[in-house]
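Here is what each chain is made of, one letter per residue.
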Amino acid sequence: MTLTQTLFEALDSVPLIDPHSHINPRSPASETIADLLGYHYYTELAHSAGMPREQIEQPGITPREKVARLFEYLHHIDHSVQWSWFLELSRELLGFDGDRIDKSNWESLYDLALTKMQQAHWEDQVLSKTNVQRIFLTNDFDDPLDDFDTHRYVPCLRTDDLVFHLAMPQTRDRIAKATGIQVGNLQGLHQAIGFLFEHFVKYQVRACAISLPPWFTPKKIAMDDPVAQSAFQRLMCGSELSQSERECISYWVFWRLAEFCDDMKLPFDLMIGVNRKVYPGGVYQGQDLYDSRWSMIQYSELLNAFPNVKFPISVLASVSNQELVDYAWIFPNVIANGHWWYSNTPTFIKHDLRARIDAIPRNKIIGYYSDAYKLEFILPKYKMFKRILANVLAESIVCERGLSESFAIELGTQILRGNVDSIFFNQE
Amino acid sequence: MTLTQTLFEALDSVPLIDPHSHINPRSPASETIADLLGYHYYTELAHSAGMPREQIEQPGITPREKVARLFEYLHHIDHSVQWSWFLELSRELLGFDGDRIDKSNWESLYDLALTKMQQAHWEDQVLSKTNVQRIFLTNDFDDPLDDFDTHRYVPCLRTDDLVFHLAMPQTRDRIAKATGIQVGNLQGLHQAIGFLFEHFVKYQVRACAISLPPWFTPKKIAMDDPVAQSAFQRLMCGSELSQSERECISYWVFWRLAEFCDDMKLPFDLMIGVNRKVYPGGVYQGQDLYDSRWSMIQYSELLNAFPNVKFPISVLASVSNQELVDYAWIFPNVIANGHWWYSNTPTFIKHDLRARIDAIPRNKIIGYYSDAYKLEFILPKYKMFKRILANVLAESIVCERGLSESFAIELGTQILRGNVDSIFFNQE
Amino acid sequence: MTLTQTLFEALDSVPLIDPHSHINPRSPASETIADLLGYHYYTELAHSAGMPREQIEQPGITPREKVARLFEYLHHIDHSVQWSWFLELSRELLGFDGDRIDKSNWESLYDLALTKMQQAHWEDQVLSKTNVQRIFLTNDFDDPLDDFDTHRYVPCLRTDDLVFHLAMPQTRDRIAKATGIQVGNLQGLHQAIGFLFEHFVKYQVRACAISLPPWFTPKKIAMDDPVAQSAFQRLMCGSELSQSERECISYWVFWRLAEFCDDMKLPFDLMIGVNRKVYPGGVYQGQDLYDSRWSMIQYSELLNAFPNVKFPISVLASVSNQELVDYAWIFPNVIANGHWWYSNTPTFIKHDLRARIDAIPRNKIIGYYSDAYKLEFILPKYKMFKRILANVLAESIVCERGLSESFAIELGTQILRGNVDSIFFNQE
């Protein structure tokens, strides 16, 4: 057994807490393979390879028909890391034992999966095989929190709508419904946000989270800032706001969120760098891209203003990784968090992880999160990460720095699990 | 034989089509070594290492004298990948069998080469040893197309002059001469461009191509846009145009090119990122550099507007590679194309290629083109690429993803050759 | 012995000249371990890991108490490359022979070090074990130069204060004191700067150096530029200058420095990319970060204007490395210099060094400098670099390019030492 394999085996036995996902706790596992292949990673890649969106998203087609159609294009991505996730989960969770899954044999896998997924406790089986104990959710501010096990599925308050979509009347209606507060001005908005935080805290929320566009540069805007006040009045009246008015309101709300995180001792996950709807003709959730020209320096005012708030930060592109490493090296409240979306591929994970392990204090590296929509993906995504982590530890910790195998395992375990305990649960 | 070697052997036997070069079809091969060492990669590096430009470019010196002078400096680059191309072609094509070529032995190589190059069918010998079947050219819009074999040398319409140099009277004269149209306004210009496309199509053009500066952000400008009209009138009168007028005309022309590509079903090669004449004191073709601060998002309007045009895209710097990967992942019409110029070195090729193979549909990766000015360079440049491709396939496809050797060979063959067939020749 | 080890052994026997440090020639070596662990790399990382700044910087604590406090946090960085430097110097220079240094055993190391450091000739011992012959300093313009051995400790004129801090009255007082010139206008300032250059040249200065922020874009501003003149008059009166006035003065001074470097044939080290005091709450020297969005193109006017000045250039972030490589490839006066600060970690060194060795003339790569504040750090930092250099040479020169072991050693020796001789001492 090579050193990398030894390290992988040790890391693979560590029970996981997944600190970021999009699991629906009322329907966490899949019912058919269509739930798995409907994941945007597959639909957008099939579309990119040539499949018309209309074929993928035609209303009313059965799950089996959807899968049949996708397999006309999925051979174009059978080499990709995204496909390797599906192959590995088919083997590990569904009992598939072939080499390839393609249009010649998908139907037998479909039926095999159907049998498995209809078993009682399929959810428990998946969790158990994955060795995952707790999974963070992505909750809209008005999600119900009382109809699932918040120990297993940990609430996380997602705040994009509050920062970016207050101009939509339905957002304000949802706030009113969730809080009972008819927001008429910034004071009311502040009160409503406070209500939401308290509500989430009651249900053991462990993080506040948001995804941010490249241009975002948070500034302190005072509670009673007159420009923000008047912009908000105009927004309430349905007036068309200027770009700077919109930004002013976004920054006002964002600063309040940071204040509440400070008050409630809640980590604030920042996922930085995404532009929404760059390709509006794309499939559902397959329309977002980015402009990599932003800098962590845009966050310096925030990071200086809230020294007691922990900011686990994810960046969308690998070219931002060194800034993340270096801001985490200097700022006590910056934590490097996982490998997000377009950077969640082996080439970038390896490069980015090595740089983090070189230079960031070991208590400030959160190795990974699944970002999964369905439980079945947690296993293959984490396996991919653990293989890379084992490889990086073998190369940089054992071979380059001459530290021991047990040192590497201890470090890897902290990166994989320990820091989730200490950062989100204050457990050392 | 290692896995990488096995894969390399398999890939090395694939007959090539080189989808981008600067070969002159009337003089495709070299007559002396001066034609090879006159390649800007060598003159600019010799200059960079200390050789005065005047020594390199002194008018009237013989080829032998030029080579003699260059060898006073070429030892400064004998470790470089660019030099390895010359060494490999000297061995494989010219029969050189030493370890080093330097000022102690260049003259015997010079004479050896002279004999070879004067042989009948030297061109055919080079093509045959290189195993290349067809080579794309870079044709000015007014290049003759009827005096060479367009099956072997595939016309490609290069459009930099149309987009950027209409203000030069000689460009407009060349248009008049090539099309018989005296362009007086945008309507006339449109007609002339249409004439050029039809002319090239008659000669089996397979791509339209352009190199673009970092600031370029194509916008739709309507055929009869009044601002463009009046800017063009002023240009025709020889008035000094403002920056925004120049850009307006460039964008107008560029949009028309995309429309013609759409009409004629022609791929549009975009080579993005170069600033011209950053070092005006440099040798011929050794003056261009770049500003890496640009983003693929500058092309979102274009990519959305022309869903049926295939855009094989090259980027100048490796920091742009992840954006290219991710835009190719999402946009069906974005194709990752080769490793251009300053990124055509092993460190960047390996990093960039791995990231592409991780995540882009396999039918949208064009592995390589030579960019060569003389046929002899196609062999060593492609060999370099094939070694890296074999290594990346061994590491990421076979070792990491656990797929078979034959799978890796099939994938490598598609990247090396198959996608050129399907993208430029519509052959699956 | 593997190829990498063979290469390392050969490189490790090369006597060094360290072309950039912050050594104080009057107190070059450490007196206690507190001098080593007081290095900002450790204090800032301990702070980042959770240690309050006040505990680190409390006035009046003894060196032993400071070290005791730091070890309450240093286990958080025991995996890092920065820590590996301390471990290696403890073994190689102090005689420590354990596996870990932590709060259980630091005190015995402290005492061991104390004995060593109090020995006569500790400085000489360190230099001898490090095999370093000469070390460049970082001298303020008013540093005394007559009280140390300028052969061993080579003066280097650091000019940040002249370019950026003339608005501070103490800077102008220091100029007056150092030069005897009461600067009243730009003519006087020019005279004073000329005096400083002549003074440094008298003491065998070998380089002028400066660190520059990302926004810096040097422009030629004439000696008697009226805007600069009036801005300088306002500065002398203590008026608050506008951003553009401040920049005008900075560019005026910077251009004069380049002119004097040209006159005096002095290399001008540019260290590009740092923003000062991004985290003002940080420990001493642990407050600076950066915005990686800058481009070498900002220096094109400078590089074109001074073809005879050698510019050894360091960049702060690895995303700038390809621009540095490519500008060094094209501009004869651009030299790639070391791996600076946040890029001085193995992941970035390896990636950046490979790219340099691929494509830059071999006489224009200065491999490394220590940037050390205390002599003891030169050994472990250079060892780290030599291991990576040996590895890169093994992989890219011997394995990929098929060149010989002796070729690789010769190349590595030039990168490590020879180019320092030729670039700073004009010795081939």
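Because the structure is a prediction, the values reported are computed rather than measured.

(A) Structural detail: the overall build of chain A. Helices and strands together make up the secondary structure of chain A, namely 18 helices and 9 strands. Over its C-alpha atoms chain A spans a radius of gyration of 22 Å, differing by no more than 12% from the 22 Å that the globule rule assigns to 428 residues. Once the C-alpha set of chain A is aligned to its principal axes, its extents read approximately 65 × 60 × 40 Å.

(B) Broad picture of the relation of the copies chain C and chain B. The operation relating chain C to chain B is a screw motion whose rotation component is 120°, with 0.0 Å of axial translation and a residual RMSD of 0.0 Å. Expressed as an axis order, the relation between the two copies is that of a three-fold axis. Looking at the interface residues of chain C, only 7% of them are also at the interface in chain B, so each copy uses its own face.

(C) Layout of the relation of the copies chain B and chain A. Superposing chain B onto chain A takes a rotation of 120° plus a shift of 0.0 Å along the axis, which leaves an RMSD of 0.0 Å. In this assembly the copies use different faces: only 7% of the residues contributing to the interface of chain B also contribute to that of chain A.

(D) Representation of the interface of chain C and chain B in the model. The partner chain B presents 32 residues to the 29 residues of chain C that form the contact. The set of elements that each furnish at least two residues to the side of chain C that touches chain B consists of helix 14 (300-305), helix 15 (321-330), helix 16 (346-359) and helix 17 (378-400) of chain C. Its residues assigned to classes, the side of chain C that touches chain B shows 14 nonpolar, 7 polar and 8 charged.

(E) Seen up close, the interface of chain B and chain A. Tallying the contact residues gives 30 residues for chain B and 32 residues for chain A. Elements supplying a minimum of two residues to the side of chain B that touches chain A: helix 14 (300-305), helix 15 (321-330), helix 16 (346-359) and helix 17 (378-400) of chain B. Of the residues that constitute the side of chain B that touches chain A, the class distribution is 14 nonpolar, 7 polar and 9 charged.

(F) Structural view of the sheet that holds strand 3 (residues 153-154) of chain C. Residue and element names in this part refer to chain C. The parallel open sheet is built from 3 strands, whose spatial order is 1-2-3. Only two strands of the sheet have a single neighbouring strand rather than two, namely strand 1 (16-18) and strand 3. Strand direction decides the pairing type here: strand 2 (residues 132-136) and strand 3, joined by 2 bridges, are parallel. Looking across to strand 3, one finds that I135 is bridged to Y153.

(G) Looking closely at the environment of A:A336. Residue and element names in this part refer to chain A. By the element assignment, A336 lies in strand 8 (residues 334-337). Along the sequence, A336 and D160 sit 176 residues apart, while their C-alpha atoms lie 20 Å from each other. Not counting residues up to four positions away in its chain, the partners in contact with A336 are I313, L324, V325, A328, R356, I360, K364, I365 and I366.

(H) Main features of the sheet that holds strand 8 of chain A. Residues and elements named next belong to chain A. One open sheet holds the 6 strands; their spatial order is 4-5-6-7-8-9, and the pairing between them is parallel. The sheet is open, and its two edges are formed by strand 4 (156-158) and strand 9 (365-366), each paired on a single side. The pairing of strand 4 with strand 5 (residues 207-212) spans 3 bridges and is parallel. Among the inter-strand pairings, C156 is bridged to a residue of strand 5, identified as A207.

(I) Just unusual backbone geometry, in detail. The phi angle at B:H121 is positive, at roughly 65°, despite the residue not being glycine. Tracing the chain through its elements places B:H121 in the loop between helix 7 (106-118) and helix 8 (122-130).

(J) Highlighting the nonpolar core. By size, the foremost hydrophobic cluster in this structure holds 448 residues, and its most contacted members are A:A328, A:L389, B:A328, B:L389, C:A328 and C:L389. Formed jointly, this core draws a minimum of three residues from each of two domains, domain 1 (31-121) and domain 2 (129-425) of chain C. In this structure, C:L389 is in contact with C:L11, C:L353, C:G367, C:G412, C:I415 and C:L416, ignoring residues within four places of it in sequence.

(K) Inspection of the packing of helix 1 (residues 3-12) of chain C against helix 17 of chain C at higher detail. All names here are of chain C. Look at helix 1 against helix 17: their axes get within 8 Å of each other, and the N-to-C directions meet at 125°. In terms of axis orientation, helix 1 runs oblique to helix 17. The chirality of how helix 1 crosses helix 17 is right-handed. On helix 17, the residues that touch L3, T4, L7, F8, L11 and D12 of helix 1 are K386, R387, L389, A390, N391, L393, A394 and V398. Its residues assigned to classes, the contact of helix 1 with helix 17 shows 9 nonpolar, 2 polar and 3 charged.

(L) Fine view of the confidence of the model for chain A. A residue-level look at chain A finds 100% of positions with pLDDT of 70 or above and a mean pLDDT of 97. Interface confidence for the predicted complex, expressed as ipTM, amounts to 0.98; the pTM equals 0.98.

Reading the values: the criteria
- Residues numbered from 1 in each chain as written.
- Chains lettered and ligands numbered in written order.
- Predicted model: local features only at pLDDT ≥ 70, side-chain atom pairs only at ≥ 80, totals over all residues.
- Helix = DSSP H or I, 4+ residues; strand = E, 2+ residues; numbered from the N terminus.
- Rg over C-alpha atoms; globule rule 2.2 N^0.38 Å.
- Least-squares fit on C-alpha atoms with pLDDT ≥ 70 in both.
- Contact = placed C-beta atoms within 7 Å.
- Nonpolar A, V, L, I, M, F, W, Y, C, P; charged D, E, K, R; others polar.
- Pairing = 2+ DSSP bridges.
- Core = buried A, V, L, I, M, F, W, Y, C linked by C-beta atoms within 7 Å.
- Buried ≥ 20, exposed ≤ 12 C-beta atoms within 10 Å, placed from the backbone.
- Domains from an automatic or database assignment.
- Axes fitted to C-alpha atoms, helices over the stretch in contact; angles between N-to-C directions.
- Parallel < 35°, antiparallel > 145°, perpendicular 65-115°, else oblique.
- Left-handed = near helix turned anticlockwise from the far one by under 90°.
- pLDDT = per-residue confidence, 0-100.

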